[in-house]
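As a plain string of letters, each chain reads:
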Amino acid sequence: QVQLVESGGGLVQSGGSLRLSCAASGFTFSSYVMSWYRQAPGKGRELVARLTSSGNTNYADSVKGRFTISRDNAKNTVYLQMNSLKPEDTAVYYCYASQLPRYAYWGQGTQVTVSS
């Protein structure tokens, strides 16, 4: 049974930091592309950061230089370090594991709220 369990969300002031974690189980974590998406109220879900099994990364322009995605294959966990947070970063953040075209899994999401 595949599980992606996010943690680390919460309320933080503008300029602060948070680290999100996503613990994975039920699949071969090291061979999957791991990503973080977010969805703000009234908006669609958008890609925040992506990390391939070989270590290549992609970031949304809005978070470049502030967010860092990383993974620990020994712990089956992917992280999102978020620094210099802004109110516009407020959203539900979702962990996403993919090995397209066949396999793709979503976590349940964790709320991040940045106050001004």
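Residues numbered from 1 in each chain as written. Predicted model: local features only at pLDDT ≥ 70, side-chain atom pairs only at ≥ 80, totals over all residues. Heavy atoms only, no water.

Undergrad: Which residues make up the overall build of the protein, and what values do they have?
TA: Across its full length, the protein carries zero helices and eleven strands. What you see in the protein, going N to C, is helices and strands ordered as β-β-β-β-β-β-β-β-β-β-β. Whereas a compact globule of 116 residues would reach a radius of gyration of roughly 13 Å, the protein reaches 13 Å, a difference of no more than 12%. Oriented by its inertia axes, the alpha-carbon framework of the protein measures out at about 40 × 25 × 25 Å. Split into buried and exposed, the 116 residues of the protein put 42% on the buried side. Pairs at least 24 residues apart make up 54% of the contacts formed inside the protein by residues separated by at least 6 positions. In the structure as shown, the protein presents an accessible area of about 6000 Å², 45% of it carried by carbon and sulfur atoms. (Helix = DSSP H or I, 4+ residues; strand = E, 2+ residues; numbered from the N terminus. Rg over C-alpha atoms; globule rule 2.2 N^0.38 Å. Buried < 20%, exposed > 50% of the residue type's maximum accessible area, 1.4 Å probe, protein only. Contact = heavy atoms within 4.5 Å. Areas by Shrake-Rupley, 256 points an atom, 1.4 Å probe, with all protein chains shown as cover.)

Undergrad: Describe the nonpolar core, naming the residues involved and giving the relevant values.
TA: Within soluble globular proteins, side chains that are nonpolar generally end up buried alongside one another. Counting 29 residues, the largest nonpolar core has Trp36, Leu80, Met82 and Tyr93 as the members making the most contacts within it. At the level of secondary structure, the elements contributing two or more residues to this core comprise strand S3 (18–25), strand S4 (33–39), strand S5 (45–51), strand S7 (67–72), strand S8 (77–82), strand S9 (91–99) and strand S11 (110–115). Excluding residues that lie within four positions of it along the chain, Tyr93 makes contacts with Glu6, Leu20, Trp36, Tyr37, Arg38, Val48, Phe67, Leu80, Met82, Gly109, Thr110 and Val112. (Core = buried A, V, L, I, M, F, W, Y, C linked by side-chain atoms within 4.5 Å.)

Undergrad: I'd like a rundown of the side chain of Ser35, residues and numbers included.
TA: Considering the arrangement of structural elements, one finds Ser35 in strand S4. Once you skip the residues sitting within four places of it in the chain, Ser35 turns out to touch Leu47, Ala49, Arg50, Ile69, Tyr94, Cys95 and Tyr96.

Undergrad: Residues and numbers for the sheet that holds S8, please.
TA: As summarised here, the arrangement of the four strands in space is S1-S3-S8-S7, forming an open sheet in which the pairing is antiparallel. A single partner strand is all that each edge strand has here, and the edge strands are strand S1 (3–7) and S7. Across this sheet, the average inter-strand angle for adjacent strands is 15 degrees, counted without regard to direction. Alignment of S3 against S8, held across six bridges, turns out to be antiparallel. Along S8, the bridge assignment pairs Leu20 with Leu80. (Pairing = 2+ DSSP bridges. Axes fitted to C-alpha atoms, helices over the stretch in contact; angles between N-to-C directions.)

Undergrad: So what's going on with the pattern of salt bridges? Residues and values would help.
TA: Taken as a whole and assessed by the stated rule, the structure comprises four salt bridges. Of the charged contacts, one joins Arg38 and Glu46 as a salt bridge, the two residues approaching to 2.6 Å between their closest N and O atoms. Take Arg38: its relative accessible area is 6%, and that puts it in the buried class. For Glu46, a relative accessible area of 35% translates into the label partly exposed. A salt bridge links Arg66 to Asp89; the shortest N-O distance between them is 2.8 Å. In this pair, Arg66 is assigned in the loop between strand S6 (57–59) and S7 and Asp89 in the loop between S8 and S9, connecting sequence segments 23 residues apart. The same class applies to Arg66 and to Asp89, which are both buried. In the salt-bridge network here, residues are joined through shared partners; they are Arg38, Glu46, Arg66 and Asp89. (Salt bridge = Lys/Arg side-chain N within 4 Å of Asp/Glu carboxyl O.)

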